[in-house]
Amino acid sequence: MPETCWNCGRPVSSGRRFCECGANAGGGSLGSRETILLLTFLGLVAAFVITAFAARFYHDRRRDLAEFWFGQGTSDLHAGDASSALSDLQTALIYARQDVSDAQQQAFSLNLAQALEADHRLDEAHAYLLDLWQSTPDSARLNLELAHLSAAMGKDADAQRYYANAIYGIWQGSPEQVHQYQRDTQLEFSRYLLDHNESMGAQSVLLAVAASLPRDAAMHMRVGGMMLEAGAPAQALDQYQQALEVDRRNREALIGAGISSFDLGNDREAIRYLGQASIQKAPTGQAATLPQDATRDLSIATADLSLDFLELGIGPNERAHRAAHAYEVAKARLENCAKSIGVSLPVPAVGHVTSSRTTALAAANSPSPAGEASNDGAAQDLLSAYEQALNMQSSSREATLERNPQLVDPLGKFVFEAESVAAAHCGVPTSVDDTALTRLEARYAAQNHE
Amino acid sequence: MSESTEPVTDRNAPVTETAPGVPPAEPLRSPGFVRRAAVASWGALEALRARLSMREDNLFLLLSVVIGLFSGLAVVCFRVAIDLSRLTLLGSAAAPGPLRVILVPTAMGVVLSVLAFRIFPNVRGSGVTQTKSAMYVYDGYIPFNTVIGKFITCALAIGSGQSLGPEDPSLQMGAGLASALGRRLRLSRDKVRLIAPVGAAAGLAAAFNSPIAAVLFVIEEVIGTWSGGVLGAVVLAAVSSVVVARIFLGAEPMFQIPPYRMVHWLELLGYAVLGIVGGLSSLAFVKLLAFMRPRLRALPHWTIWVQPALAGLIIGIIGLKFPQVMGAGYEYMDQAMHGQFVWQVLIALALLKVFATSLSVSSGVPGGMFAPTLFIGAMVGAAVGSVQLHYFPGHTGPLGSYALVGMGTLFAGFLRVPMTSVFMVLEISGNYSIILPVMVSNTIAYLISRQFQPTPIFDILTRQDGLDLPSMEENREQVVLRVESAMRQPVGLILKASDTASDAASRLGEMAEDPLLVSYETGRWTLVHKAELENAVSSGQGSLSLREILPGPRLSRLHPDQPLDVALRLMRDAPFLPVVHRADARRLIGILSLEDILAAYRRVSGAVVSSAASPEVASQAALND
């Protein structure tokens with residue numbers, strides 16, 4: 001401490017910091033106040049430089065740690081270790097604040113939510129994502145993740161809402177990437193709707209997807225398959241045909257087109273597509289034969305054609321042949337139906353059985369009193385139809401029909417009535433011929449109705 | 001001492017300089033290039049020095065900005081040091097391995113005890129009370145090695161997992177930097193005393209990234225006044241430091257919560273419940289700390305070397321199951337705001353943090369209490385919000401809002417700084433829509449804490465240290481005596497300046513009072529003695545008006561609402577002063593004398609002693625007596 005005060009010049013006792021005049025007695029050994037001020041400014045500049053380096057080191061370190069722990073967390077998540085993934089991703093988020101981009105931070109947060117979900121902490125994941133959502137409600141990825149979570153929690157209405165938000169939300173990436181993300185989301189949403197038996201909703205979404213599909217056979221087939229599931233065979237056929245335009249030998253597209261045509265009632269086209277598919281080489285890993293449903297459809301379509309005696313453009317001999325075949329199938333349908341419900345039909349003899357005898361036989365074979373009323377009705381109908389079949393037996397021969405083409409119409413009428421009776425009392429048929437007959441009847445009934 | 005300065009008697013007078021310095025005395029034989037360059041540089045330097053010469057008031061303001069910049073840089077480096085310390089000692093994982101969790105705080109406790117008790121003896125404590133004591137006891141003197149020691153010890157303490165925060169130490173470091181600069185620049189005693197809180201505000205503002213809250217805290221808790229001179233400097237320093245901190249650490253709010261919107265007006269009841277719970281929590285925190293600290297200090301002296309290590313060991317054991325309790329805990333506050341803990345865990349964390357922080361503080365580990373207070377508040381708030389969300393889902397907003405309000409609630413209840421707590425919440429969240437719930441909750445917590453714990457925590461700590469510092473809360477709550485409570489009714493004749501001397505003298509016989517008040521039409525007042533009137537009459541000036549006879553100085557006027565402090569300053573040698581109406585200075589309401597003032601103070605002092613609200617106040621009053 002100096003012995004005299006710089007301010008008033010009075011002596012200052014040793015150990016005192018301030019003079020009696022109030023001035024700071026210790027001025028240090030650096031000289032005047034202005035010199036010290038100047039040195040202070042220089043020190044400030046130096047401090048700025050040092051701090052800049054320190055801050056840069058700090059931010060770089062934190063960014064590296066954030067990326068490291070994010071990588072660890074993602075690996076753990078993919079490996080199925082949800083608990084470790086959760087801890088790692090939480091650590092990543094700690095270091096991510098202010099040191100990574102917003103998009104990266106959101107990716108961290110979304111992965112954390114997935115880890116929470118994988119760890120069966122659905123409520124926490126939901127709360128976490130909802131919190132994020134309130135900050136960025138238009139983030140498509142966030143909405144998609146919320147949709148997944150809501151679906152897992154059984155909140156159907158929320159899931160649908162978030163899916164819709166995700167489709168029309170903001171995606172990060174190039175325009176092509178964004179378009180693909182939207183399309184993938186739409187397809188995922190469609191799948192969700194189909195799984196929840198909301199076919200009409202799925203159709204709407206799929207129609208939107210179909211409007212902007214690229215020229216990609218796989219994509220068309222995927223959409224076509226979902227259209228079929230949603231009960232829109234016409235749109236499905238359109239998609240499969242577009243797939244075939246890209247690759248006309250694509251077996252899966254041919255099968256899909258065939259099934260779609262079959263569902264639309266166009267048997268010839270169905271046979272054409274499925275026939276082509278059956279001769280294409282199956283891709284590696286798939287069976288050489290057609291899938292079971294395609295095979296059945298092909299059989300039914302083929303059978304349908306062989307029964308369709310009303311098809312335009314066929315010759316009288318072919319018509320007679322088909323009508324005779326249809327009669328046999330209808331008769332067999334009645335016999336099988338009666339057998340399945342325990343009704344005994346009269347044995348066909350030369351000529352025909354009288355109604356009284358038919359009635360007596362029916363009474364002798366009547367079921368127990370409990371089912372008497374309904375079975376009576378079924379038996380009556382079946383016996384009546386069968387009697388008609390027996391009455392028409394002579395006129396159902398192919399040769400007779402060839403000579404008397406006018407007999408085809410009443411025979412056809414009988415065939416359809418027999419099918420109606422059998423369907424009413426025995427339900428949907430299982431055999432190929434019976435199914436074909438049912439389809440034939442339904443098709444012409446619909447045409448007559450129009 | 002510069003050879004160019006002249007001795008000056010006025011302590012605030014600028015330090016004068018002579019003309020720019022001259023080259024060395026010896027004559028130059030043949031000036032070369034180097035010598036010419038040296039001369040030119042010296043001249044420039046002297047010119048710069050002359051420019052920097054300024055009055056102390058201006059220097060003080062400039063220094064405030066410089067202190068703000070230095071404090072901001074120091075806080076940034078402090079944050080980096082804490083981070084580096086944490087990464088080195090505990091690793092980068094959020095939940096370090098069990099061996100590390102146990103060993104590191106324990107081992108660093110040993111190191112800290114050596115540093116804090118041997119090498120840097122002034123670094124113990126949070127920093128707030130130490131700054132106050134520097135200001136009121138040591139004329140603003142804070143040794144610079146305290147700044148260095150605080151930096152090192154707190155970085156190690158927080159980084160090793162002690163349950164402490166960086167804000168209070170930042171406050172003390174800022175104050176220390178300011179004190180060092182002020183002394184180096186030879187500021188007067190008054191200015192050096194005032195520069196410490198300027199630095200304190202700068203340090204706190206940078207640490208919290210919130211200038212308004214820092215300014216309010218320093219004014220509420222350190223300075224205790226709103227004087228214009230220091231307020232300007234404090235604001236300048238706080239803003240400067242925040243600017244620097246944001247340059248290097250980013251300008252994002254400390255916590256990101258969705259914008260608040262009131263779901264239902266009944267939600268305010270929920271925040272009222274939070275206020276009650278927060279108030280009780282802060283009460284528990286204060287009581288535990290006030291209980292634990294003196295008892296640990298009362299242990300044998302040699303235990304000071306092991307107390308920090310034992311505290312570290314206990315915190316490490318807690319950290320095995322709840323690592324969130326270690327360190328400042330900001331990242332876990334963020335997680336609580338995003339609903340990542342169930343309410344049972346939140347309550348557990350709050351309770352454990354109260355215990356751990358009390359342990360760390362009481363064992364003498366250097367470090368702050370602000371961050372732990374916020375942590376406890378966040379956990380309590382999120383817990384209350386979780387329960388309300390469960391039972392009243394339609395009337396409860398997002399959990400983040402409850403956690404945020406909870407922070408402010410604990411701040412108000414524990415630290416007893418209600419204004420600061422409101423603005424702090426607004427600034428750290430950047431979310432001004434939440435002000436109503438904050439005010440409701442904070443007020444309730446503050447009132448509960450004040451009702452059941454009259455002495456604030458900082459006053460408890462300073463009194464435990466044997467210091468008698470002014471209590472800002474007690475100062476705020478002291479009754480301000482005003483003129484109206486001390487004045488008395490005027491008695492006797494009031495003369496007018498237009499009255500003649502003889503007229504006035506004729507009425508003197510009626511009056512016992514002397515001197516008498518004289519009223520002017522302009523609203524001014526003066527006094528006249530009876531002897532003066534009698535002299536005027538006897539000397540033939542009886543027909544003159546009092547205005548002509550009394551040329552003396554007018555009396556100062558008082559108003560009823562003015563504090564007695566103002567009256568004392570205006571009293572000077574007058575026997576009494578008139579108390580007049582503010583709208584009509586000619587209307588006399590009363591008179592006030594020095595005796596009246598003293599009597600009023602005596603009445604108040606007597607009332608405080610007889611109905612002491614707290615033992616501390618009664619004992620203080622007894623000491624004063």
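The rules behind the values
Residues numbered from 1 in each chain as written. Chains lettered and ligands numbered in written order. Predicted model: local features only at pLDDT ≥ 70, side-chain atom pairs only at ≥ 80, totals over all residues. Heavy atoms only, no water. Helix = DSSP H or I, 4+ residues; strand = E, 2+ residues; numbered from the N terminus. Buried < 20%, exposed > 50% of the residue type's maximum accessible area, 1.4 Å probe, protein only. Contact = heavy atoms within 4.5 Å. Axes fitted to C-alpha atoms, helices over the stretch in contact; angles between N-to-C directions. Parallel < 35°, antiparallel > 145°, perpendicular 65-115°, else oblique. Left-handed = near helix turned anticlockwise from the far one by under 90°. Nonpolar A, V, L, I, M, F, W, Y, C, P; charged D, E, K, R; others polar. Patch = residues over 30% accessible without salt bridge, like charges linked within 9 Å, V, L, I, M, F, W, Y side chains within 5 Å. Areas by Shrake-Rupley, 256 points an atom, 1.4 Å probe, with all protein chains shown as cover. Salt bridge = Lys/Arg side-chain N within 4 Å of Asp/Glu carboxyl O. Pairing = 2+ DSSP bridges. Core = buried A, V, L, I, M, F, W, Y, C linked by side-chain atoms within 4.5 Å. Disulfide = S-S within 2.5 Å. Phe/Tyr/Trp six-rings, centres within 6.5 Å; stacked < 30°, edge-to-face > 60°. Lys NZ or Arg CZ within 6 Å of the ring centre and 35° of its normal. Expected span 1.5 Å × (residues − 1). Arc of directions from axis to C-beta. Domains from an automatic or database assignment. Buried area = accessible area lost by both parts, 1.4 Å probe.

Some remarks on the overall build of chain A
1) Next: A count of helices and strands for chain A gives 19 helices and zero strands.
2) Next: Counting every position in chain A, which comprises 450 residues, the buried fraction comes to 45%.
3) Next: Considering only intrachain contacts with a sequence separation of at least 6, the fraction spanning at least 24 residues in chain A is 55%.

Description of the packing of helix H14 (residues 370-391) of chain B against helix H15 (residues 399-415) of chain B
All names here are of chain B.
1) Next: Where H14 meets H15, the axes come as close as 6 Å, and the angle between the chain directions of the two elements is 135°. With respect to their mutual orientation, H14 and H15 come out oblique. You can see that H14 and H15 cross each other, and the crossing is right-handed. Seen from H14, the contacting residues are Phe370, Thr373, Leu374, Ile376, Gly377, Ala378, Gly381, Ala382, Gly385, Ser386, Gln388 and Leu389; seen from H15, they are Leu399, Tyr402, Ala403, Gly406, Met407, Leu410, Phe411, Phe414 and Leu415.
2) Next: The class makeup of the residues in the contact of H14 with H15 is 14 nonpolar, seven polar and no charged.

Description of a nonpolar patch on the surface
Residues and elements named next belong to chain B.
1) Next: Judged by side-chain polarity, Trp343, Ile347, Leu351, Val387, Tyr391 and Phe392 come together as a nonpolar surface patch covering roughly 630 Å² of accessible area.
2) Next: Every element with two or more residues in the nonpolar patch is listed here: helix H13 (343-362) and H14.
3) Next: Of the residues forming the nonpolar patch, the biggest block, three residues, is contributed by H13.
4) Next: When you line up the elements, Trp343 lands in helix H13.
5) Next: Judged by its relative accessible area of 42%, Trp343 is partly exposed.

Considerations on the sheet that holds strand S3 (residues 525-528) of chain B
Residues and elements named next belong to chain B.
1) Next: With mixed pairing, the three strands of this open sheet are ordered in space as S1-S2-S3. Each of the sheet's edge strands pairs with one partner strand only, and the pair in question is strand S1 (494-496) and S3. Going from strand to strand, the sheet's axes swing by 40° on average, the running direction of each strand aside.
2) Next: The pairing of strand S2 (residues 516-519) with S3 spans four bridges and is classified as antiparallel. Directly across from Val518, in S3, lies its bridge partner Thr526.

So, the nonpolar core
1) Next: Counting residues in each nonpolar core, the largest one holds 138 residues, and the members touching the most others are Phe370, Met379, Met407 and Ile434 of chain B.
2) Next: The leading source of residues in this core is helix H2 (residues 56-90) of chain B, at 17 residues.
3) Next: When sequence neighbours within four positions are dropped, the list of residues in contact with Phe370 of chain B reads Val128, Glu167, Asp168, Leu204, Phe208, Phe217, Phe411, Leu415 and Phe458 of chain B.
4) Next: Core analysis: the second largest hydrophobic core is formed by 71 residues, Ala96, Leu149, Ile167 and Val209 of chain A among them.

Notes on the packing of helix H8 (residues 211-223) of chain B against helix H16 (residues 418-429) of chain B
Residue and element names in this part refer to chain B.
1) Next: Their axes nearest at 8 Å, the elements H8 and H16 cross at an angle of 170°. Between H8 and H16, the angle is such that the two are roughly antiparallel. Between H8, through Pro211, Ile212, Ala213, Leu216, Phe217 and Glu220, and H16, the contact on the second element is made entirely by Pro418, Met419, Thr420, Phe423, Met424 and Glu427.
2) Next: Here the contact of H8 with H16 is composed, by residue class, of nine nonpolar, one polar and two charged.

Quick look at the environment of Leu288 of chain B
Residue and element names in this part refer to chain B.
1) Next: Locating Leu288 in the fold gives a position in helix H10 (residues 267-297).
2) Next: The partly exposed category is assigned to Leu288, whose relative accessible area is 26%.
3) Next: It is 7.8 Å that separates the C-alpha atoms of Leu288 and Phe355, two residues lying 67 residues apart in sequence.
4) Next: Apart from residues lying up to four places away in sequence, Leu288 is in contact with Val354, Phe355 and Ser358.

A few points about the state of the cysteines
1) Next: Counted according to the given criterion, the structure contains one disulfide over all chains.
2) Next: Here Cys337 of chain A is linked by a disulfide to Cys426 of chain A, with a sulfur-sulfur distance of 1.7 Å. Residues Cys337 of chain A and Cys426 of chain A are joined through a disulfide that is right-handed, its torsion about the S-S bond being 85°. Placement of Cys337 of chain A in helix H14 (residues 316-340) and of Cys426 of chain A in helix H18 (residues 408-426) is noted, with a sequence separation of 89 residues between them.
3) Next: Its sulfur unpaired, Cys77 of chain B is 15 Å from the next cysteine sulfur, which belongs to Cys154 of chain B.
4) Next: On the accessibility criterion, Cys77 of chain B (19% relative accessible area) is buried.

A word on the packing of aromatic side chains
1) Next: Counting across every chain of the model gives 18 aromatic pairs over all chains.
2) Next: Pairing Trp133 of chain A with Tyr162 of chain A gives two aromatic rings, centres 6.1 Å apart and planes at 85°, and the pair type is edge-to-face. Linking Trp133 of chain A in helix H4 (residues 122-135) with Tyr162 of chain A in helix H6 (residues 156-168), this pair joins segments that are 29 residues apart in sequence.
3) Next: When the centroid spacing of 5.5 Å and the interplanar angle of 50° are considered together, the rings of Phe78 of chain B and Phe151 of chain B count as tilted. In this pair, Phe78 of chain B sits in helix H2 while Phe151 of chain B sits in helix H5 (residues 144-159), placing the two residues 73 residues apart along the sequence.
4) Next: Since its relative accessible area comes to 1%, Phe78 of chain B is described here as buried.
5) Next: Taking the relative accessible area as the measure of exposure, Phe151 of chain B reaches 24% and is therefore partly exposed.
6) Next: Following the ring pairs from residue to residue traces out a cluster consisting of Phe208, Phe217, Phe370, Phe411 and Phe458 of chain B.
7) Next: Positioned over the ring face of Phe60 of chain B is Lys191 of chain B, at 5.4 Å from the centre of the ring.
8) Next: Looking at Lys353 of chain B, its charged tip hangs above the ring of Phe375 of chain B, at a distance of 4.8 Å from the centre.

Quick word on helix H17 (residues 435-452) of chain B
Residues and elements named next belong to chain B.
1) Next: The terminal C-alpha atoms of H17 lie 26 Å apart, and with 18 residues this matches the ideal 26 Å at 1.5 Å per residue to within 8%.
2) Next: Taken residue by residue, H17 has Pro437, Val438, Ser441, Asn442, Ala445, Tyr446, Ile448 and Ser449 as its buried positions. In an axial view of H17, the angular spread of the buried residues amounts to 165°, which keeps them on one side of the axis.

Quick look at the pattern of salt bridges
Residues and elements named next belong to chain A.
1) Next: If you walk through the whole model with that rule in mind, you get 26 salt bridges over all chains.
2) Next: Two residues, Arg272 and Glu269, come together in a salt bridge whose shortest N-O distance is 2.7 Å. Here Arg272 and its partner Glu269 are both found in helix H12 (residues 267-279), three residues apart, which amounts to about one turn of the helix.
3) Next: Relative accessible area serves as the criterion here: at 38%, Arg272 is assigned to the partly exposed category.
4) Next: Here the salt bridges do not stand alone but share partners, grouping Arg268, Glu311, Glu318 and Arg322 into one network.

Considering the domain arrangement of chain B
All names here are of chain B.
1) Next: When cut into domains, chain B gives domain 1 (61-249), domain 2 (267-475) and domain 3 (483-601).
2) Next: Of note, the centres of domain 1 and domain 2, computed from C-alpha atoms alone, are 20 Å apart.
3) Next: On the domain 2 side, the residues contacting the 55 residues of domain 1 number 54 residues.
4) Next: Taken together, both faces of the contact between domain 1 and domain 2 bury some 4,400 Å²; the carbon and sulfur share is 69%.
5) Next: Contact with domain 2 buries surface across domain 1, with Ser163, Leu164 and Glu220 losing the most and accounting together for 16% of the total.

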